[in-house]
Amino acid sequence: MSIRILVLGGGGREHAIVKALARSPQAPELFCAPGNPGIAAEATCLPELDPVDVEAVAAKARELEIDLVAVGPEAPLVVGVVDALASAGLPAFGPGASAARLEGSKSYAKEAMAEAGVPTASYGVVSDRESALAEIEKTGAPVVLKADGLAAGKGVLICMDEDEAREAIEVFFTERRFGETEVVIEEFLEGEELSLLAICDGERAIPLAPAQDYKRIGEGDTGPNTGGMGSYSPVQIVGSDELAELSALVHQPIVDLMASRGTPFHGILYAGLMMTASGPKVLEYNTRFGDPETQAVLPRLVSDLVDLFQAATRPGGLADRTVEFSDEWAVTVVLASAGYPASSSRGDLISGLDRAAEVAEVVHAGTAERNGEIVTAGGRVLNLTGLGPDAATARERAYDAAEAINFDGKQMRRDIAERAVRRERDQDSI
């Protein structure tokens, strides 16, 4: 009998995880809650199961005789789904609620970085408008304001001058757009961003392939932050020989700290880095796979993801293991609905999915089925991942797929992986 795995979540990240699990030689039987129309082609979807209803998740996992639960999004982790599953005697891939605070609270993560000696931006924490204004008076601009809690990747406002900073303070404390009572105000860092994920077993962290993502809605990194408009992997600024050293700087100290606190970290520890002139600094930690980085990283994975997930649930389970990736390039382009990120249009008919699938991996993020047809059902609708022997080929395939798909108000950035292609051409000309 094959292993039965339940994936929690219903977005692009979860579809990419399901695809990678389905490639395992163990041929797992896959379930996904709530899932989406794309995931339904590869797993049994449980649309009635809410991933943040931790007791319902545990009950359903017992009913289905699930062998492993893999948690995709952050919200179930923060509310303790892994703890509830552990209490029911069910193994889960992901950290318990105490360790998930690294993502659930920006201030907690900054304090942890300071204690562990992880390089990061200087910061202050404020809990009211007056304190925030005083902090801006002290620090000046540019400056970055972050909602302390979860905000679906949108609770970060980058302010290039003090007027913008004061407007941001009103967003947080007068408008209360993100419902926050605490805000982290931190130093603005300059450099190139890098996403580096590591798989952790409570004792050690093993880095995965690096990726670079695009947070702003507009080309040239303009406009408001989103959950992510595209990504690519690998990244030329970090060689394979440097990954272990970088992970030892930004992942392992946190894994060691969590273990010393009695809250061992199992699962994926995502470090969002800024590669500054003075060295790498951590912008943020996530306690799960990134989105859309996962869509570019997992298609390159050669190792068995089922085996890695199982090993990471056991203390020391990853000892003496390596994680292997292909030399292929992967470029992911996100298609978003009209109005995103401020709002999203739902119910718009999507065409061209079959044509797109001929040239790229099509991942469903915010889709629904209506009368046998696929329609939009969220801000980020689809992810198209092109694979190829070089960045230029992978990028061309991703954009060919993106152009094949149509729906009213379709948005996408047209500069995903341009930098990688430019670097590739510069290297070829040497």
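That block above? That's the structure.
The structure displayed is predicted, hence computed values, not measured ones.

K.L.:
I tried to follow the packing of helix H5 (residues 97-104) against helix H6 (residues 106-116) on my own but got confused; where do I start?
P.N.:
Relative orientation and spacing of two packed helices are given, respectively, by the angle between their axes and the distance between those axes. In the contact formed by H5 and H6, the axes pass within 6 Å of each other and the chain directions differ by 100°. Taken as axis vectors, H5 and H6 run roughly perpendicular relative to one another. Across from Ser98, Arg101, Leu102 and Gly104 in H5, the residues of H6 making contact are Lys106, Tyr108, Ala109 and Ala112. Grouping the amino acids of the contact of H5 with H6 by side-chain chemistry returns four nonpolar, two polar and two charged.

K.L.:
Explain helix H7 (residues 129-139) to me, please; I cannot follow it from the model alone.
P.N.:
Because an α-helix packs 3.6 residues into every turn, residues spaced three or four apart end up facing the same way. Within the sequence span of H7, burial applies to Ala132, Glu135 and Ile136. The arc that holds every buried residue of H7, seen down its axis, measures 100°, which confines them to one face. Exposed side of H7, more than 90 degrees from the buried face: Glu130, Glu137 and Lys138 are the residues found there. You can read the cap of H7 off the contacts: a side-chain oxygen lies 3.2 Å from the backbone nitrogen of Glu130, and it is on Asp128. Once H7 ends, the next one or two residues include Gly140, with phi positive near 75°.

K.L.:
Explain the sheet that holds strand E15 (residues 230-233) here, please?
P.N.:
By way of backbone hydrogen bonds, the strands of a sheet pair with one another, either parallel or antiparallel. Here five strands make up an open sheet; going across it, the order is E12-E15-E18-E22-E19 and the pairing antiparallel. Looking at the sheet topology across the chains shown, the edges are occupied by strand E12 (212-213) and strand E19 (361-364). Sheet strands touched by helix H1 (residues 12-22): E19 and strand E22 (380-388). Its angle to E19, the strand with the most contacts, is close to 130°.

K.L.:
Just checking my understanding: could you explain the nonpolar core for this structure?
P.N.:
Within soluble globular proteins, side chains that are nonpolar generally end up buried alongside one another. Membership of the largest hydrophobic core comes to 56 residues, with the highest contact counts inside it found for Tyr285, Leu335 and Ile405. The element contributing the most residues to this core is helix H14 (residues 391-404), with seven residues. Setting aside chain neighbours within four positions, we find Tyr285 in contact with Leu102, Glu103, Met113, Val118, Val250, Ile254, Leu269, Tyr270 and Ala271. Counting residues in hydrophobic clusters, the runner-up holds 35 residues, among them Ala70, Leu197, Ile199 and Phe309.

K.L.:
Sorry if this is basic, but what is going on with the packing of aromatic side chains here?
P.N.:
Note on aromatic pairs: each is described by the distance of the centres and the angle between the planes. Tallied over the entire structure, the rule returns six aromatic pairs. Ring geometry for Tyr214 and Tyr232: centres 6.4 Å apart, planes at 50°, overall tilted. Of this pair, Tyr214 sits in the loop between E12 and strand E13 (216-218) while Tyr232 is found in strand E15, placing the two residues 18 residues apart along the sequence. The class of Tyr214 is buried, set by a relative accessible area of 6%. Residue classification places Tyr232 among the buried residues on the basis of a relative accessible area of 0%.

Reading the values: the criteria
- Residues numbered from 1 in each chain as written.
- Predicted model: local features only at pLDDT ≥ 70, side-chain atom pairs only at ≥ 80, totals over all residues.
- Heavy atoms only, no water.
- Axes fitted to C-alpha atoms, helices over the stretch in contact; angles between N-to-C directions.
- Helix = DSSP H or I, 4+ residues; strand = E, 2+ residues; numbered from the N terminus.
- Parallel < 35°, antiparallel > 145°, perpendicular 65-115°, else oblique.
- Contact = heavy atoms within 4.5 Å.
- Nonpolar A, V, L, I, M, F, W, Y, C, P; charged D, E, K, R; others polar.
- Buried < 20%, exposed > 50% of the residue type's maximum accessible area, 1.4 Å probe, protein only.
- Arc of directions from axis to C-beta.
- Polar contact = N/O pair within 3.5 Å; in protein donor to acceptor, adjacent residues only side chain to side chain.
- Pairing = 2+ DSSP bridges.
- Core = buried A, V, L, I, M, F, W, Y, C linked by side-chain atoms within 4.5 Å.
- Phe/Tyr/Trp six-rings, centres within 6.5 Å; stacked < 30°, edge-to-face > 60°.

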